[in-house]
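# Summary of the model geometry
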Amino acid sequence: MNAVGIRQVAEHAGVSPGTVSNVLNRPEKVSASTRARVEASIRELGFVRHGSASTLRAGHSKTVGLSVIDIGNPFFTDVTAGVEDVASDRGYAVILSNSAGSRSKEERNLLVLAEQRVRGVLITPSDEDPEPLDRLRERGINVVLVDHPAHRADQCSVAVNDVTGGQTAVAHLLSGGAARLAYVTGPLSIRQCLDRRTGAERALRGRPLRVLEMPAMTPRAGQQAAEKLLSEGDPPDAVFCANDLLALGMLRGLLHAGVRVPDDVALIGYDDIDFAAASAVSLTSIRQPTYQLGRVATELLLDECDNPGTHAHQQIMFQPELVVRESTR
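Residues numbered from 1 in each chain as written. Predicted model: local features only at pLDDT ≥ 70, side-chain atom pairs only at ≥ 80, totals over all residues. Heavy atoms only, no water.

### Remarks on the environment of leucine 136
Basically, it comes down to this: Counting from the N terminus, the helices are the DSSP runs of H or I reaching at least four residues and the strands are the DSSP runs of E reaching at least two. The rule is simple: take the accessible area with a 1.4 Å probe, protein chains only, and divide by the maximum for that residue type; under 20% is buried, over 50% is exposed, in between is partly exposed. For this analysis, residues touch if any pair of their heavy atoms sits within 4.5 Å.
Structurally, leucine 136 is set in helix H7 (residues 131-138). When its relative accessible area of 3% is taken as the criterion, leucine 136 is described as buried. Residues leucine 136 and histidine 172 lie 36 residues apart in sequence; the distance between their C-alpha atoms is 42 Å. Residue contacts for leucine 136: discarding those within four places in its chain leaves Leu110, Ala114, Val121, Ile141 and Val143.

### Focus: the layout of surface pockets
We apply this condition: In this analysis a 1.4 Å probe is tested at points of a 1 Å grid over the protein atoms alone, and where it fits but cannot get out there is a cavity; an open set with protein on both sides within 12 Å along at least five of seven lines is a pocket; lining residues have an atom within 4 Å of a point. Grid points are joined across faces, edges and corners, and a volume is the space filled by probe spheres set on the points. Note on residue classes: Ala, Val, Leu, Ile, Met, Phe, Trp, Tyr, Cys and Pro are nonpolar, Asp, Glu, Lys and Arg are charged, and everything else, Gly too, is polar. Residue ranges assigned to each domain were obtained from an automatic or database domain assignment.
As a volume, the second largest pocket reaches approximately 350 Å³. Lining of the second largest pocket is provided by 22 residues; of these, Ile69, Asp70, Asn73, Ile190 and Met217 occupy positions nearest its centre. Taken together, the elements giving at least two residues each to the lining of the second largest pocket come down to helix H5 (74-89) and helix H9 (191-204). By residue number, the principal contributor to the lining of the second largest pocket is H9, which donates three residues. Looking at side-chain class alone, the lining of the second largest pocket contains eleven nonpolar, seven polar and four charged residues. Each of domain 2 (61-159 + 290-317) and domain 3 (162-288 + 324-328) contributes no fewer than three residues to the lining of the second largest pocket.

### Describing the packing of aromatic side chains
Aromatic ring pairs are described here by two measures, namely the spacing of the ring centres and the angle between the planes. Applicable threshold: Two aromatic rings, drawn from Phe, Tyr or Trp (for Trp, its six-membered ring), form a pair once their centres lie within 6.5 Å of each other, and the interplanar angle then sorts them: stacked below 30 degrees, edge-to-face above 60, tilted otherwise. By the criterion adopted, a ring carries a charge over it if an Arg CZ or a Lys NZ lies within 6 Å of its centre and within 35 degrees of its normal.
In the structure shown here, the tally under the stated rule is three aromatic pairs. Plain terms: the ring middles of phenylalanine 240 and tyrosine 270 are 6.3 Å apart, the flat faces sit at 40 degrees to each other, and that makes the pair tilted. On the criterion of sequence distance, the pair formed by phenylalanine 240 in strand E8 (residues 238-241) and tyrosine 270 in strand E9 (residues 266-271) is long-range, its members being 30 residues apart. The pair formed by phenylalanine 240 and tyrosine 270 is uniform in burial state, with each residue classed as buried. Within the aromatic cluster, the residues linked to one another by ring pairs are Tyr183, Phe240 and Tyr270. Looking at lysine 62, its charged tip hangs above the ring of tyrosine 92, at a distance of 4.0 Å from the centre. Note that arginine 196 overlies the ring of tyrosine 270, its terminal NZ or CZ placed 3.8 Å from the centroid.

### Some words on the sheet that holds strand E10 (residues 284-287)
Strand-to-strand pairing in sheets goes through backbone hydrogen bonds, with the strands running parallel or antiparallel. This is how the line gets drawn: Any two strands with at least two DSSP-identified bridges between them are counted as paired. Whenever a helix is involved, its axis is fitted only over the stretch in contact; in every case the axis is a line through C-alpha atoms, and angles between N-to-C directions fall within 0 to 180 degrees.
Taken together, six strands build an open sheet; the order of strands is E7-E6-E8-E9-E10-E12 and the sheet is mixed. The open sheet terminates on both sides in strands that have one partner only, identified here as strand E7 (210-213) and strand E12 (321-323). With direction set aside, neighbouring strand axes in the sheet form an average angle of 20 degrees. Bridge analysis of E10 against E12 gives three bridges, and the strand direction is antiparallel. Note on E12: the bridge partner recorded for arginine 287 is glutamate 321. Against the sheet, helix H8 (residues 162-175) engages strand E6 (181-185), E8, E9, E10 and E12, with an angle of about 160 degrees to E9. Against the sheet, helix H10 (residues 219-231) engages E6, E7 and E8, with an angle of about 140 degrees to E7.

### Details of the packing of helix H1 (residues 6-13) against helix H2 (residues 17-25)
Convention followed: Put simply, angles under 35 degrees are roughly parallel, angles over 145 are roughly antiparallel, angles from 65 to 115 are roughly perpendicular, and the rest are oblique.
Taken N-terminus to C-terminus, the directions of H1 and H2 make an angle of 105 degrees; their axes are 8 Å apart at the nearest point. As summarised for this structure, H1 and H2 are arranged roughly perpendicular, according to the angle between their axes. Across the interface between the two elements, Ile6, Arg7, Val9 and Ala10 of H1 pack against Pro17, Val20 and Leu24 of H2.

### Quick word on the sheet that holds strand E5 (residues 156-160)
Strand order in the open sheet formed by six strands is E2-E1-E3-E4-E5-E11, with parallel pairing between adjacent strands. Each edge of the open sheet is held by one strand with a lone partner, namely strand E2 (93-98) and strand E11 (315-318). Put simply, the sheet's adjacent strands are angled 15 degrees from each other on average, direction ignored. Where strand E4 (residues 142-146) lies against E5, three bridges are found, and the strand directions are parallel. The residue of E5 that forms the bridge with valine 144 is cysteine 156.

### A few points about helix H11 (residues 244-256)
The line we're drawing: The span expected for a helix works out to 1.5 Å for each residue beyond the first. Distance and chemistry together define a polar contact, namely a pair of N or O atoms within 3.5 Å, with one atom able to donate a hydrogen and the other to accept it when in protein, and with adjacent residues in sequence counting only for side-chain atoms on both sides.
Helix length check: H11, at 13 residues, gives a terminal C-alpha distance of 18 Å against a target of 18 Å (1.5 Å per residue), a fit within 8%. Of all 13 residues that make up H11, ten are buried, and the element is covered over most of its length. Of all the positions in H11, only Asp244, Leu245, Leu246, Ala247, Leu248, Gly249, Met250, Leu251, Gly253 and Leu254 are classed as buried. By the N-cap criterion, in which a side-chain oxygen at the helix start approaches the backbone nitrogen of a residue two or three places on, H11 is capped by asparagine 243, the distance to leucine 245 being 3.3 Å. The first or second residue beyond H11 is glycine 258, which carries a positive phi of 85 degrees.

Given below as structure tokens:
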């Protein structure tokens, strides 16, 4: 049986081959009714586009790459949903990769994305070195930073003000009477962790802050941090965790040791993932607009890809929001 081609789809839908091509490659240029008719013909006839041929003609594929630092964190699940919704509406597929915070793994993943001729890359970088991203740009691949501010005018980025977030979290703990504060964080080489500590210190205005740096930002690491803090001579009466996964593990460790939350120790997390409201003691957290981060970043990337002559680079900074629940006074 011969494969169905664009001409057969066009005849079946009553449109020109050029219109079918636009539906496949530039769907935003076709009216909704015409697009629906062409898509119905594609389904009915069983048409499958020859991806490699169209990639060779265009020099790129109908894919975008997304590189995150922790695929197990629900924060990135929500970001990915925003990316995928916009990409899908524009006729793109998303290739997801996970660096796990490793620079070498991230570089290998970016090389694979370049070999797949992705149209562009959305990335939460593992560190501050711009060299891997510069190499992508040299290949003609556009890059947008996600949950990471850009430090150059010719780079699009979408981020959340983590310094403000850290300051808001600790100011809330202080308003409840906290006197001995601890900040439990992942590696401070991660920009978000460092910025949240900076904000916490800003709120304290010179008062001491116990900083406990863990190798991972997981519930297990949070529980281990709780055990360590409680083993010390003068444990804190308030803990700020750099993300909700750490905070949920911290909560488990505190409750397991018979510590009352918030009566003995107040606790606040960061991200406001779905599990935060459903924990044994509902978790106060700093909310980030995770889905919007993904949507806006993808819109910026595809605008830069489609309109290189008129695209204006933007560095968008969202503001975090305090969500108060049972774990703080």
